[in-house]
Amino acid sequence: MAFAGLKKQINKANQYVTEKMGAAEGTKMDDDFVEMERKTDVTYELVEELQMKTKEFLQPNPTARAKMAAVKAGISKLSGQAKAATYPQPEGTLGETMLVYGRKLGEESVFGAALIESGETMKQLADVKYALDDNVKQNFLEPLHHLQSKDLKEVLHHRKKLHGRRLDFDCKKRKQTKGGSSVTEDEIRQAEEKFAESLHLAQMGMHNILDNDVEQIAQLAFFAEGLLEYHKQCTDILKVLTETLHDKRNEAASKPRKEFIPKTLADLPMSMGGEMISSTGRTTPSSLTEGLNGMNNAKTPSAVSPGSAPGWDPFGQNAPVPQGRTNSRPQPSATAVYDFDPENPGELGFKEGDCITLTSRIDENWFEGSLNGKTGFFPVNYVHVTVPLP
C-alpha cells in the first residue's frame with residue numbers, strides 16, 4: 001500500500017473513532033438520501049429472501065434440496081463445474097410407485113390397470129412441473145440473481161466507498177480547523193471532490209434500482225403466467241384421468257363376480273412321512289389311511305390320532321430339506337460411502353463404513369433398509385451395494 005493510501009486509512013480510522021466517542025460530528029446526509037439507503041437495503045433483503053422462498057416453492061422437500069446441493073458441490077470439486085440438475089418431483093416418485101404395483105397386480109386386475117393409468121398421469125404432471133421449474137428459473141430467478149450479483153452489489157460498493165471518503169474528508173477538514181496540521185488546501189479539495197463523486201455514484205445507483213418498477217413487475221407477471229399455464233395443463237391432464245377412472249370403476253362394477261368357496265384342510269396337500277396326500281384321489285400310505293379313519297371313528301381301539309401318527313406335520317414345517325440344498329442365501333446389503341444425517345421422519349441415519357441391510361428399493365433415488373434395529377429410508381448415492389436385492 002502506498003504511503004498516501006496508508007495515510008488515508010489512518011484518517012478514516014481516526015475520524016470513525018472520534019465520531020463514536022462523540023468528540024466530533026461528521027457530515028450528515030439529508031433525509032432523501034437516508035430514505036434511499038433504507039429502501040435499497042429492503043430491496044437487497046427482498047431479493048435474497050425471494051430467491052430462497054421460490055426455490056422452496058419449486059421443491060418443498062428440504063432433504064431433496066440438500067441432496068441436490070451436495071451433488072452439485074461434489075461435481076464442482078471433481079470437474080471444476082456443476083452440471084445442471086433437477087429436483088426429483090414428488091409427482092414422478094408417486095407415479096413410479098403406482099406403475100410398479102399396477103404391473104404387479106397383473107393385466108387381469110381392473111384396479112391394477114387404473115393404477116397404471118394414474119401412474120402415467122402423475123409422471124405427466126411431473127414433466128409439467130419440470131417445465132414450470134425451467135420457466136420460473138429463466139424468467140424470474142435468473143433476473144433476481146442478476147439484480148443481486150450485479151446492480152445491488154455495485155451499489156453496495158459505491159456506498160461503502162462513499163462512507164470511507166466521507167470519513168477521510170471530515171478528518172482532514174477537522175484537522176485543518178484545529179490548526180497546527182500539515183493538511184493542505186489541495187488535499188482537502190481532492191478529498192471533497194472524491195467525496196462528491198462517490199455521493200453522485202451512490203445516489204444514481206440507488207435511484208436506478210428503486211426506479212425499476214416496470215421491469216420488476218414484468219418479472220412477477222412472467223412468474224404468474226408460468227403458474228397459470230402450469231395449472232391449466234394440470235387441469236387438462238387430470239380431467240382425462242378422472243374420466244378414465246370413472247370408466248374403470250364402471251368396468252369393475254359390471255364385471256361378473258365369481259363365486260368363491262374357501263378351501264378346507266382336506267383340500268390342501270399335506271406332508272406325511274415324506275409322501276403327499278390330498279383329496280384328489282391320489283394314492284396315500286396305509287398308515288395315513290388308518291390315521292384318517294381313526295379321526296372319523298373314535299371307538300376303534302387301533303385308531304391312530306393325528307398327533308401320534310409318525311411324521312405328522314400338517315403344514316409341512318418340519319419336512320426334511322433334500323441333501324445338497326440350502327434355504328439360506330446372502331442377505332441384501334450395502335456399505336455407506338458417506339455420512340447421512342436424517343432430516344425428516346422415516347429416514348435412516350448412518351456413518352461412513354456402516355453395513356446396512358437392504359429391505360427394498362423405493363424408487364431410483366431411495367432405498368429402504370435397517371441398521372442397529374432401526375428401519376428407514378436413505379439415498380441410493382450415499383451407499384455402495386455389496387449384495388443386491390433379488
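Just above sits the structure.
It should be emphasised that the depicted structure is a prediction, and the values quoted were computed from it without experimental measurement. (Residues numbered from 1 in each chain as written. Predicted model: local features only at pLDDT ≥ 70, side-chain atom pairs only at ≥ 80, totals over all residues. Heavy atoms only, no water.)

S.K.: An account of the overall build of the protein is needed here, citing residue identities and associated values.
M.R.: If you tally the helices and strands in the protein, you get eight helices and eight strands. Counting only residues that meet the buried cut, the protein has 29% of its 390 residues in that class. The contacts in the protein between residues at least 6 apart in sequence include a share of 62% that link residues at least 24 apart. (Helix = DSSP H or I, 4+ residues; strand = E, 2+ residues; numbered from the N terminus. Buried < 20%, exposed > 50% of the residue type's maximum accessible area, 1.4 Å probe, protein only. Contact = heavy atoms within 4.5 Å.)

S.K.: An account of the sheet that holds strand β7 (residues 374–379) is requested, with residue identities and associated values reported.
M.R.: Spatially, the five strands line up as an open sheet ordered β7-β6-β5-β4-β8, and their pairing is antiparallel. Of all the strands in the sheet, the pair left with one neighbour each is β7 and β8 (383–387). Averaged over all neighbouring strand pairs, the angle between strand axes comes to 40 degrees, with direction disregarded. Sheet topology note: the strand β4 (residues 333–336)/strand β5 (residues 355–361) ladder contains three bridges and is antiparallel. Within the sheet, the bridge partner assigned to A334 lies in β5 and is I356. (Pairing = 2+ DSSP bridges. Axes fitted to C-alpha atoms, helices over the stretch in contact; angles between N-to-C directions.)

S.K.: Report on the packing of helix α2 (residues 31–58) against helix α6 (residues 185–210), specifying residues and quantitative values.
M.R.: Direction vectors running N to C along α2 and α6 enclose 50 degrees, while the axes themselves pass 10 Å from each other. In terms of their interaxial angle, α2 and α6 are classed as oblique. With respect to the hand of their crossing, α2 and α6 are arranged in left-handed fashion. Contacts between α2 and α6 involve F33, M36, E37, K39, T40 and T43 from the former and L199, A202, Q203, M206, H207, I209 and L210 from the latter. (Parallel < 35°, antiparallel > 145°, perpendicular 65-115°, else oblique. Left-handed = near helix turned anticlockwise from the far one by under 90°.)

S.K.: How would you summarise a nonpolar patch on the surface if you had to cite specific residues and measurements?
M.R.: Together, Y16, V17 and M21 give the surface a local cluster of nonpolar side chains, amounting to about 330 Å² of exposed area. As for its position among the elements, M21 is in the loop between α1 (3–20) and α2. Owing to a relative accessible area of 67%, M21 belongs among the exposed residues under this scheme. (Patch = residues over 30% accessible without salt bridge, like charges linked within 9 Å, V, L, I, M, F, W, Y side chains within 5 Å. Areas by Shrake-Rupley, 256 points an atom, 1.4 Å probe, with all protein chains shown as cover. Salt bridge = Lys/Arg side-chain N within 4 Å of Asp/Glu carboxyl O.)

S.K.: Give me the pattern of salt bridges: which residues, what numbers.
M.R.: Under the criterion given, the structure shown has 11 salt bridges. Across the salt bridge formed by D170 and R166, the nearest N and O atoms sit 3.0 Å from each other. Here the residue D170 and the residue R166 both occupy positions in helix α5 (residues 110–178), the gap between them amounting to four residues, near one helical turn. Residue classification places R166 among the buried positions, given a relative accessible area of 10%. Taking the shortest distance from any N to any O, the salt bridge between K248 and E251 comes out at 4.0 Å. Of this pair, K248 and E251 are both found in helix α7 (residues 213–254), three residues apart, which corresponds to roughly one turn of the helix. Here the salt bridges share partners, and the residues they tie into one network are E37, D41 and R159.

S.K.: Just give me the short version of α7, but keep the residues and values in it.
M.R.: Three or four residues apart is the spacing at which side chains of an α-helix point the same way, because the helix has 3.6 residues per turn. Between its first and last C-alpha atoms α7 spans 61 Å; for 42 residues at 1.5 Å apiece the expected length is 62 Å, and the two agree. In the core, the buried residues of α7 are packed alongside α2, α4 (90–105) and α5. (Expected span 1.5 Å × (residues − 1).)

S.K.: Provide a residue-level description of α4, including the pertinent values.
M.R.: Along its 16 residues, α4 runs 23 Å from first to last C-alpha, staying within 8% of the 22 Å computed at 1.5 Å per residue. The complete set of buried residues in α4 reads E91, G92, G95, L99 and G102. For α4, the buried positions fall inside an angular range of 90 degrees around the axis, keeping them on one side. Lining the buried residues of α4 we find α5 and α7. Two residues or fewer after α4 comes G106, characterised by a positive phi angle close to 100 degrees. (Arc of directions from axis to C-beta.)

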